[in-house]
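One letter stands for each residue in the lines below.
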Amino acid sequence: MAGRVWYDARSVGELSFVEAAVIADRVLAEVKGRHSIASEVARALRAAMIDALHACFVTGPLDAGPSSGEFRKACVRATLAAAVPVVGTRLADEIGRLLEADMSQIHRADPS
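Predicted, not measured: the structure shown is a model, and the values here were computed from it. (Residues numbered from 1 in each chain as written. Predicted model: local features only at pLDDT ≥ 70, side-chain atom pairs only at ≥ 80, totals over all residues. Heavy atoms only, no water.)

Details of the nonpolar core
The biggest cluster of nonpolar side chains holds 23 residues, and the ones touching the most others in it are Val 27, Leu 53 and Phe 57. Those elements that place two or more of their residues in this core are helix 1 (9-34), helix 2 (39-59), helix 3 (69-87) and helix 4 (89-103). Top contributing element to this core by residue count: helix 1, with seven residues. Sequence-distant contacts of Val 27, that is, excluding residues within four places in its chain, are made with Met 49, Ile 95, Leu 98, Leu 99 and Asp 102. (Core = buried A, V, L, I, M, F, W, Y, C linked by side-chain atoms within 4.5 Å. Buried < 20%, exposed > 50% of the residue type's maximum accessible area, 1.4 Å probe, protein only. Helix = DSSP H or I, 4+ residues; strand = E, 2+ residues; numbered from the N terminus. Contact = heavy atoms within 4.5 Å.)

As for the packing of helix 3 against helix 4
At a minimum axis distance of 8 Å, the contact between helix 3 and helix 4 shows a crossing angle of 150°. For the element pair helix 3 / helix 4, the angle class is roughly antiparallel. Between helix 3 and helix 4 lies a crossing of right-handed hand. Within the contact between the two elements, helix 3 uses Phe 71, Arg 72, Lys 73, Cys 75, Val 76, Thr 79, Leu 80, Ala 83, Val 84 and Val 87 and helix 4 uses Thr 89, Leu 91, Ala 92, Asp 93, Ile 95, Gly 96, Leu 99, Glu 100 and Met 103. Residues of the contact of helix 3 with helix 4, tallied by class, amount to twelve nonpolar, three polar and four charged. (Axes fitted to C-alpha atoms, helices over the stretch in contact; angles between N-to-C directions. Parallel < 35°, antiparallel > 145°, perpendicular 65-115°, else oblique. Left-handed = near helix turned anticlockwise from the far one by under 90°. Nonpolar A, V, L, I, M, F, W, Y, C, P; charged D, E, K, R; others polar.)

With respect to the state of the cysteines
Cysteine pairs can be linked by a disulfide, which is a covalent bond between their two sulfur atoms. Across all of its chains, the model carries one disulfide by this definition. Residue pairing for Cys 56: its cysteine sulfur links by disulfide to Cys 75, the two sulfurs lying 2.0 Å apart. The disulfide joining Cys 56 to Cys 75 has a torsion of about -85° about its S-S bond and is therefore left-handed. Taken together, the residues Cys 56 in helix 2 and Cys 75 in helix 3 connect sequence positions 19 residues apart. Grouping residues by exposure puts Cys 56 and Cys 75 together as buried. (Disulfide = S-S within 2.5 Å.)

Details of the environment of Ala 47
Take Ala 47: it is sitting in helix 2. In this structure, the C-alpha to C-alpha distance between Ala 47 and Ala 24, residues 23 residues apart in sequence, is 8.7 Å.

Following this line, the structure appears as structure tokens:
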């Protein structure tokens, strides 16, 4: 088992927070490309999305690969609930669709 790295619960939580931020940033880049959003609203939205995704990640089952359907739907619902007070229902619904699409994909680092 040489070369394997085991993470404790704290490290997994920290990695989950980083992953939540990465996903939120990908989705927000799409949203900002389509809509004009004030910087303070974008910051609040990013924080709300990260908090919701992180909570979902640390309370859901751990699997590799694309997110399972039920887990993904739960994370999208939680993120929608967090986004509505910040940006309203219409934009939150769009964020939910973008998040659903993002979490359905396998993202790999560019090997170059």
